[in-house]
Amino acid sequence: AAKTRSFTMPRPPEPELELGEAKVQMPAELDDLAVKEISQLVFQDDRWQTAQQQLQMRALSREQALKMLQEGAEMYGFWPDLARETLESLVAQLMGSDVPSLGLQQWMTASDVHPLGSVVPGENAEKAKSGSQTSIKTGRSSEDGPEAPEVRAMRTIATSRFSADLVALDMAESSPTGGVEVQRFLQEKLPKGNTMAMKPRETTLDWKGHMVSPNYFRVINASIHVVVFVGCAAYALDLVTNKYPQASLMFSWPIFFARLGGMATAVWTALLFLSMARSILTICSRCLPRRGRSFWFTFLDCHKDLHIEAGKALVFYSAVHIVGHCIGTVPGVLQKDVAELNQLLGCAQEHPPYLLHWDLSIFHWPPCPLEEADKPMTFTEALFLTMPGLTGFFLVAVLAAVAVTSRHKFRAQSFECFWNLHNLAIMLWPLLLFLHGSQGWIGIGIPLVIVVCGLPILLYAATRVARLFRYYCAGRSVKILRAVVRLGKDEGLEGSLVQLEVTKPMCLWSWKRNAGMYAYICLPDYSKLQWHPFTITSGYDDETVNFLIAGIGDWTQELASRCLNGTRLPRLALDGPFSAPTQSALDKRVLIAVGAGVGVTPFISLLSTLVSELLSAAKHGLVEAHFYWISREPTEFIFAWNILQKWLKHPILQSKIFIHLYCTAKGPTQNLKSFLFREAVRRQCIVDRKHFKSHLTDWLKQNEVQSLGPQFPWAWAEGGSEDLIWVKCQSLESEGVAAAFKTIHSEQSSRSRNNLEGEDCAEMFPVSFGRPHFKRDIASIGKARPGMNIHVYICGNDGLVGDLQSVCNSCAQEALARSRQNRTALQKYLVHYERFG
């Protein structure tokens, strides 16, 4: 065998230290500063510098830079020809200079504080009233020359100290404009990050205090199931033990479950119809008690969820009813002789144990009392040659067809089939139930559908009759005054938005302090049977009924097409308005409204109503309201421009209502104009944050309560680092904006009286990029109002609702810990989310 020789590499000799030379100690690890310096060298991105060098080599002018940035902004969903004041600082960034954004300059100019009650004599008083006008470059007054862009500075009024527990009534009396306690911005900041939600530390909610509205629905749902089951079980037990004691001997124990399932089917049928009697539910919502209002609103608003739950329960209890009869009643009928059966059957007795005896012998098949020739001899005969069997078969067929077509996927693909079958089932189901129970073999003498479902069916019928009356009698006076269409991508109808201003119906239309309600719209010339629900965006004092409709289906895209291409605007029919959870927001002291995309529609109505009430009423219970609008298309913000203009013009509104706009659009990755715009925004925000923080430090020391103003970057004050851009509130008729929208009027002179046509405000407000940091913001709002409950209203997808529920649960856990530590009242975080259909 060959021997393997191994070699060992010699170790290099270690350098010998001379006598007296100290041994060098290498650091065990790098410190944070060293890691940061190395990271900057390794991950250095020089695309911006390269772009600047290339553009300078081509002698880029300011006008060319402005045009490139405008086109880049369009790629992020902004309207064409974005205001020059918005892009001026970005142009400076591209040209290699740093100047604060005009919006930040407006806030810094407006934050000069004057004590409450101080009088500015003479010329200064006039300037304080009208607002100063400053240049973006030099800060000169407008009197120095006509070239300077206008900047209106809204003076901040300092008021006396406000306690966090002070109600809005006292706040309104203390100052004509109100304010915000600046102490909330001095608290310890939360960790930075883009996390939208934080999971609660405990999975089980503390039922003592911070129970949220989704839990209300779970309680309502479980309670209804328990009550229905217990009540139906008691009915079945009384029937087979007291009224028909021989039934359990002849048909065995399955008869109990068959009767339980029959009664439960009738009860859930009643709930099925009652949950869709929207007119009655709306009337009930106006009569709710003040105490426990959120619970009752949740109960009324969960009508769609209750309708779906009733459908599922119908399937279950129908199966229980069928199985009970198949394994108990049918075998008993086939095995027993006619004499034994007639002794048991109620319809064959001279004194039946009926609660109410109706003569329904005309529907008896086979005739009762039974005769030997009419007695079914096989299972097939029992199923198809008896009234209970045949009608039961048709009931199962109707239930199966409705269950299949009600699935979300089927409804999305063929809504008209779903809706037509639903309308057919609405008529067939009660009729078949009546015939099914008319035999009176083992019952109470009258079909259960009459006793249990009679009133709910009549209430639902009243709702449908009211719809027909609105359509044929009052609906002819309804017409569209104005339609504004914003097309989708590639100028297509998919993804388009349509804003409608419609005249109010002459009768059967009640709209008073009911923000966020919804109505059904029908296009009779397209389909007389299709009615679709849409949230009303107008306030209670608006003269028109306004809607904002997204083109995401055949019907909505057809509406946009008819508004654009028809010789006249299409005819509409309205049905409603119906109650929605946003109605309860008007009574809340601290509320947070979060809308995603077109889901902001109920909150536009809520905002409009609050604006009108704050401007008209001397006292209002609102302490502060935060409105979050998250959109991929910033052009959607234009649809609320008339409300934003009112908010910008009145400091009293800015002290109670805070609007947070977020753009989640992502531009193309390999596009120079898109890159220049987004990178210029990022770099400009670094400059603006430095100016803001240096100014904020002095501003916070001046007074304890101050008016923030519309330009205030709330996220930065809370310690965030979101990128944002200040924009002007431009109207639909503004230059550049009109090119992105197509406005059609039914009459050349028709306008909404509440709109401020052609007026653009000089004040600017921030639009942030990315998603809100809800954990940071909601926790900060809650800590600033420790003695008040925080109500969060959501209209968005299930992911957004779930995230905000987790955030509120986490904040509620922290509030519970503070309550126990400080021995104060528990602060609740209640979630209300929009659901209608």
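Small disclaimer: the values here were computed from a predicted structure and weren't measured.

Novice: Explain the state of the cysteines residue by residue, including any values.
Specialist: Summed over the entire model, instances satisfying the criterion amount to 1 disulfide. Residue Cys347 pairs covalently with Cys368 via a disulfide, S to S 1.9 Å. Here Cys347 and Cys368 share a disulfide; its torsion about the S-S bond, 80 degrees, makes the bridge right-handed. Of this pair, Cys347 sits in the loop between helix H14 (338–344) and helix H15 (379–384) while Cys368 is found in the loop between H14 and H15, placing the two residues 21 residues apart along the sequence.

Novice: Tell me about the sheet that holds strand S6 (residues 518–522), residues and numbers included.
Specialist: By way of backbone hydrogen bonds, the strands of a sheet pair with one another, either parallel or antiparallel. Strands sit in the order S7-S6-S9 across an open sheet of 3 strands; the sheet is antiparallel. Strands at the two margins of the open sheet, each flanked by one partner only, are strand S7 (532–535) and strand S9 (573–578). On average, each strand axis in the sheet is tilted by 30 degrees relative to the strand beside it, whichever way the strands run. With 4 bridges joining them, S6 and S7 adopt antiparallel strand pairing.

Novice: Outline a nonpolar patch on the surface, supporting the account with residue identities and numerical values.
Specialist: Taken together, the side chains of Leu355, Leu356, Trp358, Ile450 and Val451 make up a nonpolar region of the molecular surface, amounting to roughly 480 Å² of accessible area. Within the fold, Leu355 resides in the loop between H14 and H15. What makes Leu355 exposed here is its relative accessible area of 65%.

Novice: Go over the nonpolar core, please, and point to the residues and values.
Specialist: Counting residues in hydrophobic clusters, the biggest one holds 89 residues, and the most contacted among them are Phe78, Ile657, Phe677, Phe712 and Ile725. The dominant element in this core, judged by the number of residues it contributes, is helix H24 (residues 672–702), at 10 residues. Apart from the residues within four sequence positions on either side, Ile725 is in contact with Phe78, Leu82, Thr86, Leu90, Phe677, Val681, Phe765, Pro766, Val767 and Phe769. One finds Ala264, Val267, Leu432 and Leu448 within the second-largest nonpolar core, a separate group that totals 56 residues.

Novice: Any details on the packing of helix H16 (residues 387–405) against helix H18 (residues 415–437)? Residues and values, ideally.
Specialist: Taken N-terminus to C-terminus, the directions of H16 and H18 make an angle of 155 degrees; their axes are 10 Å apart at the nearest point. As the angle between them shows, H16 and H18 are arranged roughly antiparallel. Considering the relative orientation of H16 and H18, their crossing is left-handed. Along the contact surface, H16 presents Met387, Pro388, Thr391, Gly392, Phe394, Leu395, Val398, Leu399, Ala401, Val402 and Thr405, while H18 presents Phe418, Leu421, His422, Ala425, Leu428, Trp429, Leu432, Leu433, Leu435 and His436.

Novice: How would you sum up the pairing of strand S11 (residues 624–631)? Please name residues and give values.
Specialist: Summarising burial for S11: 8 of the 8 residues are buried, a large majority. Where burial is concerned, the two faces of S11 agree: the one with Glu624, His626, Tyr628 and Ile630 and the one with Ala625, Phe627, Trp629 and Ser631 are both buried. Relative to S11, strand S10 (residues 590–596) is paired through 7 bridges, and the arrangement is parallel. Bridge pairing in S11 places Ala596 opposite Ile630.

Novice: Any details on helix H10 (residues 254–274)? Residues and values, ideally.
Specialist: Along its 21 residues, H10 runs 30 Å from first to last C-alpha, staying within 8% of the 30 Å computed at 1.5 Å per residue. Of all 21 residues in H10, 18 are buried, a share of seventy percent or more.

Novice: Which residues make up unusual backbone geometry, and what values go with them?
Specialist: With an omega dihedral of 5 degrees, the bond running from Trp365 to Pro366 counts as a cis peptide bond. Relative to the assigned elements, Pro366 resides in the loop between H14 and H15. Residue Cys368 is joined to Pro369 through a cis peptide bond whose omega torsion reads 5 degrees. For Pro369, the position within the fold is in the loop between H14 and H15. The backbone of Ser252 sits at a positive phi, close to 70 degrees, despite the residue not being glycine. Along the chain, Ser252 turns up in the loop between helix H9 (247–251) and H10.

Novice: A description of the pattern of salt bridges should follow, citing residues and the corresponding values.
Specialist: Under the counting rule described, the total for this entry stands at 18 salt bridges. Residues Asp575 and Arg467 are paired through a salt bridge, measuring 2.6 Å at the closest nitrogen-oxygen approach. Separated by 108 residues along the polypeptide, Asp575 in strand S9 and Arg467 in helix H19 (residues 448–474) bring together distant segments of the chain. We classify Arg467 as buried; its relative accessible area is 6%. Here Glu624 and Arg785 are joined by a salt bridge, their closest N and O atoms 2.7 Å apart. One end of the pair, Glu624, is in strand S11; the other, Arg785, is in the loop between helix H26 (774–784) and strand S17 (790–795), with 161 residues separating them in the sequence. There is no split in this pair, since Glu624 and Arg785 are both buried.

Novice: So what's going on with the sheet that holds strand S15 (residues 742–745)? Residues and values would help.
Specialist: One open sheet holds the 4 strands; their spatial order is S8-S5-S4-S15, and the pairing between them is antiparallel. Looking at which strands have only one partner, the edges of the open sheet turn out to be strand S8 (544–550) and S15. Sheet twist, expressed as the average angle between the axes of neighbouring strands with direction ignored, equals 15 degrees. Bridge count for strand S5 (residues 497–503) against S8 is 7 bridges, and the pairing is antiparallel. What sits directly across from Val502, in S8, is Val545. Strands in contact with helix H20 (residues 554–565) are strand S4 (480–486), S5, S8 and S15; relative to S5, the strand with the most contacts, it is inclined by about 70 degrees.

Novice: Describe the confidence of the model for the protein chain, with residues and values.
Specialist: Considering every residue of the protein chain, the mean pLDDT works out to 77; 77% of them sit at 70 or more. At the level of individual helices and strands, the protein chain shows its lowest average pLDDT in strand S2 (residues 156–157), which scores 36, and its highest in H16, which scores 94. Note that residues 187–212 has pLDDT below 50 and, in this model, 55 contacts with residues that lie over four places away or in other chains. For the stretch residues 748–758, pLDDT sits under 50, and the model shows 25 contacts to residues farther than four places along the chain or on other chains.

Novice: Lay out the packing of H10 against H18 with the relevant residues and their values.
Specialist: Two numbers describe a pair of packed helices, the interaxial angle and the distance between the axes. Look at H10 against H18: their axes get within 12 Å of each other, and the N-to-C directions meet at 155 degrees. It follows from the interaxial angle that H10 and H18 lie roughly antiparallel. Pair H10 / H18 crosses with left-handed handedness. Between H10, through Thr265, Thr269 and Phe273, and H18, the contact on the second element is made entirely by Ile426, Trp429, Pro430 and Leu433.

Novice: Please give an account of helix H27 (residues 798–822) that cites residues and values.
Specialist: With 25 residues, H27 extends 36 Å from end C-alpha to end C-alpha; this agrees with the ideal 36 Å at 1.5 Å per step. The opening residue of H27, the one whose side-chain oxygen lies 3.2 Å from the backbone nitrogen of Gly799, is Asn797.

Novice: Give me the lowdown on the packing of aromatic side chains, citing residues and values where you can.
Specialist: Evaluation of the coordinates by the stated rule reveals 30 aromatic pairs. Between Phe78 and Trp79 the ring centres are 5.9 Å apart and the planes differ by 65 degrees, which places this aromatic pair in the edge-to-face class. Each member of the pair, Phe78 together with Trp79, is buried. Clustering of aromatic rings is evident, with ring pairs tying together Trp107, Phe658, Phe692, Trp699, Phe712, Trp714, Trp716 and Trp726. Over the ring of Phe418 we find Arg411; its NZ or CZ atom is 5.7 Å from the centre of that ring. Between Arg678 and the ring centre of Phe769, over which it is positioned, the NZ or CZ distance is 4.5 Å.

Novice: Give a detailed account of the pairing of strand S14 (residues 724–728), specifying residues and quantitative values.
Specialist: When you tally the buried positions in S14, you get 5 out of 5 residues, the bulk of the element. On S14, burial covers both faces: Leu724, Trp726 and Lys728 on one face and Ile725 and Val727 on the other are all buried. Here S14 pairs with strand S16 (residues 764–769) via 5 bridges, running antiparallel. Each bridged residue has a counterpart across the sheet, and for Leu724 the counterpart in S16 is Ser768.

Novice: Quick one: what's the story with the layout of surface pockets, residue by residue and with numbers?
Specialist: Empty space within the second largest pocket amounts to approximately 1,000 Å³. Taken together, 43 residues make up the lining of the second largest pocket; nearest its centre are Arg259, His321, His325, Pro388 and His436. Elements with a minimum of two residues in the lining of the second largest pocket: H10, helix H13 (303–335), H15, H16, H18 and H19. Looking at the lining of the second largest pocket element by element, the count peaks at 8 residues for H13.

What counts, and at which threshold
- Residues numbered from 1 in each chain as written.
- Predicted model: local features only at pLDDT ≥ 70, side-chain atom pairs only at ≥ 80, totals over all residues.
- Heavy atoms only, no water.
- Disulfide = S-S within 2.5 Å.
- Helix = DSSP H or I, 4+ residues; strand = E, 2+ residues; numbered from the N terminus.
- Pairing = 2+ DSSP bridges.
- Axes fitted to C-alpha atoms, helices over the stretch in contact; angles between N-to-C directions.
- Patch = residues over 30% accessible without salt bridge, like charges linked within 9 Å, V, L, I, M, F, W, Y side chains within 5 Å.
- Areas by Shrake-Rupley, 256 points an atom, 1.4 Å probe, with all protein chains shown as cover.
- Salt bridge = Lys/Arg side-chain N within 4 Å of Asp/Glu carboxyl O.
- Buried < 20%, exposed > 50% of the residue type's maximum accessible area, 1.4 Å probe, protein only.
- Core = buried A, V, L, I, M, F, W, Y, C linked by side-chain atoms within 4.5 Å.
- Contact = heavy atoms within 4.5 Å.
- Parallel < 35°, antiparallel > 145°, perpendicular 65-115°, else oblique.
- Left-handed = near helix turned anticlockwise from the far one by under 90°.
- Expected span 1.5 Å × (residues − 1).
- pLDDT = per-residue confidence, 0-100.
- Polar contact = N/O pair within 3.5 Å; in protein donor to acceptor, adjacent residues only side chain to side chain.
- Phe/Tyr/Trp six-rings, centres within 6.5 Å; stacked < 30°, edge-to-face > 60°.
- Lys NZ or Arg CZ within 6 Å of the ring centre and 35° of its normal.
- 1 Å grid on protein atoms, 1.4 Å probe; cavity = no way out; pocket = protein on both sides within 12 Å on 5 of 7 lines; lining within 4 Å.
- Points joined across faces, edges and corners; volume = space filled by probe spheres on them.

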